[in-house]
Amino acid sequence: MEHSIIINQGATKWDIRQRVWDYIEAKNLANFPRPVHHRIPNFKTAVQGCSRLLVLQEFMSSRVVKVNPDRPQEQARFDTLKARKVLLVPTPRLRTGLFNKIVPPQSPTKEDLRVCSTSRGVKDFSVPIGLDAKVQVDLVVVGSVAVSEKGYRIGKGEGFADMEYGMMAAMGAVNESTVVVTIVHDCQVVNIPEELIESHDLTVDYILTPTRIIKTDCNHPKPGGIIWSKLDTEMLEKIPILKRLQVLEQKAGKKVTLKSFPGEGQIVRDAPHPRHPKPGFRHEPKQKPEYTCDGTAGDGGERLEGGGVECNHPQGPIGTLYLGGIPAGLRVGELKRLLRERHAMPFRLTWQGPRQSAFLDYSNEPAADRALAALQGLSINGHALQAERARGRRAGWTPQRPRDMEAKRTTNCTVSNTVPNVGGW
């Protein structure tokens with residue numbers, strides 16, 4: 001079948017997401033919430049797509065079904081409850097746990113089930129399911145931004161569906177025979193190059209659209225658990241259940257070593273706004289240095305999520321690049337993936353979202369020169385990025401001595417924000 005969206009050769013995951021989001025917006029194919037960028041699109045014919053779940057033999061024979069919490073899959077959650085199956089819904093962004101079991105009121109009406117299918121219902125009619133729960137999931141329904149007929153899937157870029165499946169695999173809730181389904185608009189079915197799919201990426205067995213059912217026969221293995229080498233301590237701090245799983249697997253004798261970059265330190269985002277310091281941390285906004293040991297640019301920057309970290313800087317002059325022309329809305333994680341693909345990963349990345357730019361710090365001048373050469377010609381979805389040596393006081397600054405940094409740790413470093421080193425997650 002001819003695809004509505006043509007994916008150019010050499011496209012990245014970010015390129016594909018952007019093409020799909022732009023197309024859906026341009027063709028007015030979505031309902032609220034709009035715009036669809038950075039979301040699982042709530043396409044207008046989602047109910048028709050979800051209705052195809054009812055004719056799948058794998059759904060009819062299932063007892064426990066896990067459905068993602070996004071709006072376009074609301075009908076799938078309703079149909080699961082209406083069929084008197086056990087419905088599991090992931091906790092949004094995995095903040096408080098893995099997933100919840102929806103428990104409708106006794107003798108529920110159709111309207112009761114409709115409410116239980118909404119985000120409100122997930123809050124009001126559910127009980128948490130822990131890592132130690134003995135549950136076997138028969139069918140998994142996930143949302144997608146793009147998916148290929150070969151079963152390759154691209155989400156919105158945060159990796160939660162992949163991590164959810166990895167954690168379910170770790171707790172024995174899913175296995176290699178568990179069927180995974182995604183429900184999308186026909187235009188979201190595109191060609192996705194196989195080389196973009198990594199070991200942690202969740203693939204799908206069926207694609208349901210408003211007009212057809214696609215059996216992918218995908219032979220790419222699904223995640224068999226959490227790949228710890230793709231996560232860092234920052235991600236564990238943001239998702240406590242990951243930390244609990246790490247402890248459990250460590251006690252079981254499994255390798256749970258987190259990701260590290262030999263010879264590189266932390267990659268940092270700009271610090272929180274002075275009016276909003278992290279609770280329990282001292283903050284002294286009287287003096288704003290041009291570039292402190294926590295990676296805070298003196299002229300400020302976008303406040304982003306994260307937590308305080310220890311400083312880890314090279315001792316001596318560093319090489320700094322300026323990266324401009326970053327497309328509005330690009331996520332830091334996606335930029336990091338592009339830098340890794342170009343073998344130009346800095347030891348620190350200072351993100352300046354409102355200015356659509358970033359500063360990349362390398363351990364020395366030769367390292368910065370190599371990165372500069374690697375970044376020439378870099379573009380994202382047709383947007384050419386401008387890579388050049390940083391000028392003025394930002395170029396080649398010398399980090400403070402450890403003793404000086406220790407003295408300032410409570411005023412600077414403890415309020416710094418790190419970009420989670422999530423790798424492909």
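This text follows the structure it describes.
Residues numbered from 1 in each chain as written. Predicted model: local features only at pLDDT ≥ 70, side-chain atom pairs only at ≥ 80, totals over all residues. Heavy atoms only, no water.

Undergrad: Outline the nonpolar core, listing residues and values.
TA: One finds I16, I192, L360, Y362 and L375 to be the most contacted residues of the largest nonpolar core, which totals 46 residues. Sorting the residues of this core by element identifies α1 (13-26), β12 (319-324), α10 (332-341), β13 (348-352), β14 (357-362) and α11 (365-375) as the ones contributing at least two each. Beyond its immediate stretch of four places on either side in the chain, Y362 contacts I318, G319, L321, A344, M345, P346, F347, A367, A368, A371 and L375. Core analysis: the next-biggest nonpolar cluster, separate from the first, contains 40 residues, V184, I241, L245 and L258 among them. (Core = buried A, V, L, I, M, F, W, Y, C linked by side-chain atoms within 4.5 Å. Buried < 20%, exposed > 50% of the residue type's maximum accessible area, 1.4 Å probe, protein only. Helix = DSSP H or I, 4+ residues; strand = E, 2+ residues; numbered from the N terminus. Contact = heavy atoms within 4.5 Å.)

Undergrad: Describe the environment of R52, and please don't skip the residues or the numbers.
TA: Locating R52 in the fold gives a position in the loop between α2 (46-51) and α3 (57-60). Looking at R52, the relative accessible area reads 25%, which means it is partly exposed. Considered as a pair, R52 and I213 are 161 residues apart in the sequence and their alpha carbons are 7.2 Å apart. Once you skip the residues sitting within four places of it in the chain, R52 turns out to touch L208, T209, P210, T211, R212 and I213. From its side chain, R52 meets the backbone oxygen of T209 in a polar contact 2.9 Å long. (Polar contact = N/O pair within 3.5 Å; in protein donor to acceptor, adjacent residues only side chain to side chain.)

Undergrad: Now, about the pattern of salt bridges: what can you tell me, with residues and values included?
TA: Counted according to the given criterion, the structure contains 13 salt bridges. Residues R212 and D186 are paired through a salt bridge, measuring 3.8 Å at the closest nitrogen-oxygen approach. Of this pair, R212 sits in the loop between β9 (206-208) and β10 (213-215) while D186 sits in the loop between β8 (179-183) and β9, and the two are 26 residues apart along the sequence. Take R212 and D186: they sit in the same class, and that class is buried. In this structure, D361 and R348 form a salt bridge, with 3.0 Å as the shortest nitrogen-oxygen distance. With a gap of 13 residues between them, D361 in strand β14 and R348 in strand β13 connect regions that are remote in the sequence. On the basis of relative accessible area, D361 is assigned to the buried category, the value being 0%. Given a relative accessible area of 1%, R348 falls into the buried group. (Salt bridge = Lys/Arg side-chain N within 4 Å of Asp/Glu carboxyl O.)

Undergrad: Before we move on, could you go through unusual backbone geometry and cite the residues and values that matter?
TA: For the bond from F32 to P33, the omega torsion is 0°, close enough to zero to count as cis. Checked against the element boundaries, P33 lands in the loop between α1 and α2. One non-glycine residue with positive phi stands out, namely H38, at about 70°. By the element assignment, H38 lies in the loop between α1 and α2. With phi around 55°, H343 is a residue other than glycine that occupies positive phi space. Within the element layout of this structure, H343 appears in the loop between α10 and β13.

Undergrad: Could you give an account of the sheet that holds strand β17 (residues 386-389), with specific residues and numbers?
TA: As summarised here, the arrangement of the four strands in space is β13-β14-β12-β17, forming an open sheet in which the pairing is antiparallel. Since the sheet does not close on itself, it has two edges, and those belong to β13 and β17, each with one partner. Going across the sheet, the axis of each strand differs from the next one's by a mean of 20°, ignoring polarity. Pairing geometry for β12 and β14, over six bridges, is antiparallel. Counted as the bridge partner of T320 is D361 from β14. Packed on one face of the sheet, α10 meets β12, β13 and β14 and runs near 135° to β13. (Pairing = 2+ DSSP bridges. Axes fitted to C-alpha atoms, helices over the stretch in contact; angles between N-to-C directions.)

Undergrad: Account for a nonpolar patch on the surface, naming residues and giving values.
TA: A cluster of nonpolar residues, L54, V55 and I213, forms a patch on the protein surface that exposes about 240 Å² of accessible area. Structurally, V55 can be placed in the loop between α2 and α3. A relative accessible area of 55% means that V55 is categorised as exposed. (Patch = residues over 30% accessible without salt bridge, like charges linked within 9 Å, V, L, I, M, F, W, Y side chains within 5 Å. Areas by Shrake-Rupley, 256 points an atom, 1.4 Å probe, with all protein chains shown as cover.)

Undergrad: Lay out the environment of G157 in plain terms, naming residues and giving numbers.
TA: In this fold, G157 is placed in the loop between β7 (153-154) and α7 (160-170). The sequence separation of G157 and V145 amounts to twelve residues, and the corresponding C-alpha distance is 9.1 Å.

Undergrad: Tell me about the sheet that holds strand β4 (residues 126-129), residues and numbers included.
TA: Sheets are built from strands paired through backbone hydrogen bonds, the pairs being either parallel or antiparallel. The mixed open sheet is built from eight strands, whose spatial order is β4-β3-β2-β1-β5-β8-β9-β10. Edge positions in the open sheet fall to β4 and β10, since each of these has one partner strand only. Neighbouring strand axes in the sheet, compared pairwise and without regard to direction, differ in orientation by 25° on average. Here strand β2 (residues 86-90) runs beside strand β3 (residues 99-102); their pairing, made up of three bridges, is antiparallel. Its bridge partner lying in β3, P90 is registered against F99. Running over the sheet, helix α4 (residues 74-82) touches β1 (64-67), β2, β3 and β8 and is turned about 150° from β2.

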